[in-house]
Amino acid sequence: MIHKNSLIAFFLGVAMTLLATSIGSMGRLYAEPADDEAGAAVEELAAANWMHVGCISLNSVCYDVFQDNSGNLWVCKECFQTRNPGPGKCRRLTQYEINNALWCS
């Protein structure tokens, strides 16, 4: 009799192999940038996909807030100073900051 966990492990292995093969044939979807040009292209894409939603006051300074495609809010540089926002230049706002910080006018 085949053990249930062995059967699950077998099918997961087959699925992972098929997935790796299909991704390999399409090229790397989320590859690390090979050089500065590739890194710049990734940053431009992030900037193109993030929307400026306003400025938030943290420690009496107003900072740019951007929303990514998933709805996450990110805080970046001082208001209207952020160019090409992305995870390397910004940080996610905490739920506490979202609930308690004041938005700048």
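This text goes with the structure placed above it.
### Here we look at the pattern of salt bridges
Part 1 of the reasoning: With the rule as written, the count across this model stands at 1 salt bridge.
Part 2 of the reasoning: Here Arg-91 makes a salt bridge to Glu-97, at a shortest N to O gap of 2.8 Å.
Part 3 of the reasoning: Classification of Arg-91 by relative accessible area gives partly exposed; the value is 38%.
Part 4 of the reasoning: By relative accessible area, Glu-97 is classed as buried at 14%.

### Brief notes about a nonpolar patch on the surface
Part 1 of the reasoning: Taken together, Met-51, Val-53 and Trp-103 make up a surface patch of nonpolar side chains, about 290 Å² in accessible area.
Part 2 of the reasoning: One can find Val-53 in strand 1 (residues 51-58).

### Quick word on the environment of Arg-92
Part 1 of the reasoning: Locating Arg-92 in the fold gives a position in strand 4 (residues 91-92).
Part 2 of the reasoning: It is 8.8 Å that separates the C-alpha atoms of Arg-92 and Cys-76, two residues lying 16 residues apart in sequence.
Part 3 of the reasoning: Once residues within four sequence positions are removed from consideration, Arg-92 is found in contact with Asn-72, Leu-73, Trp-74 and Glu-97.
Part 4 of the reasoning: Within the local environment of Arg-92, its side chain forms a polar contact with the side chain of Asn-72, the two groups lying 3.0 Å apart.

### A word on the nonpolar core
Part 1 of the reasoning: By size, the foremost hydrophobic cluster in this structure holds 7 residues: Ile-56, Leu-58, Val-65, Leu-73, Val-75, Leu-93 and Ala-101.
Part 2 of the reasoning: Mapped onto this core, the elements with two or more residues apiece are strand 1 and strand 3 (73-78).
Part 3 of the reasoning: Those residues in contact with Val-65, other than ones at most four positions away along the chain, are Met-51, His-52, Val-53, Gly-54, Cys-55, Ile-56, Leu-73, Trp-74, Leu-93 and Trp-103.
Part 4 of the reasoning: Within the second largest apolar cluster, 5 residues are counted, among which are Trp-50, Phe-66, Trp-74 and Cys-90.

### Things to note about unusual backbone geometry
Excluding glycine, residues mostly have negative phi values, and the peptide bonds linking residues are mostly trans.
Part 1 of the reasoning: One non-glycine residue with positive phi stands out, namely Asn-59, at about 55°.
Part 2 of the reasoning: In this structure, Asn-59 sits in the loop between strand 1 and strand 2 (61-67).
Part 3 of the reasoning: Asn-59 sits in the exposed class, given a relative accessible area of 76%.
Part 4 of the reasoning: Despite not being glycine, Asn-84 shows a phi value in the positive range, around 50°.
Part 5 of the reasoning: By the element assignment, Asn-84 lies in the loop between strand 3 and strand 4.

Definitions and limits used
- Residues numbered from 1 in each chain as written.
- Predicted model: local features only at pLDDT ≥ 70, side-chain atom pairs only at ≥ 80, totals over all residues.
- Heavy atoms only, no water.
- Salt bridge = Lys/Arg side-chain N within 4 Å of Asp/Glu carboxyl O.
- Buried < 20%, exposed > 50% of the residue type's maximum accessible area, 1.4 Å probe, protein only.
- Patch = residues over 30% accessible without salt bridge, like charges linked within 9 Å, V, L, I, M, F, W, Y side chains within 5 Å.
- Areas by Shrake-Rupley, 256 points an atom, 1.4 Å probe, with all protein chains shown as cover.
- Helix = DSSP H or I, 4+ residues; strand = E, 2+ residues; numbered from the N terminus.
- Contact = heavy atoms within 4.5 Å.
- Polar contact = N/O pair within 3.5 Å; in protein donor to acceptor, adjacent residues only side chain to side chain.
- Core = buried A, V, L, I, M, F, W, Y, C linked by side-chain atoms within 4.5 Å.

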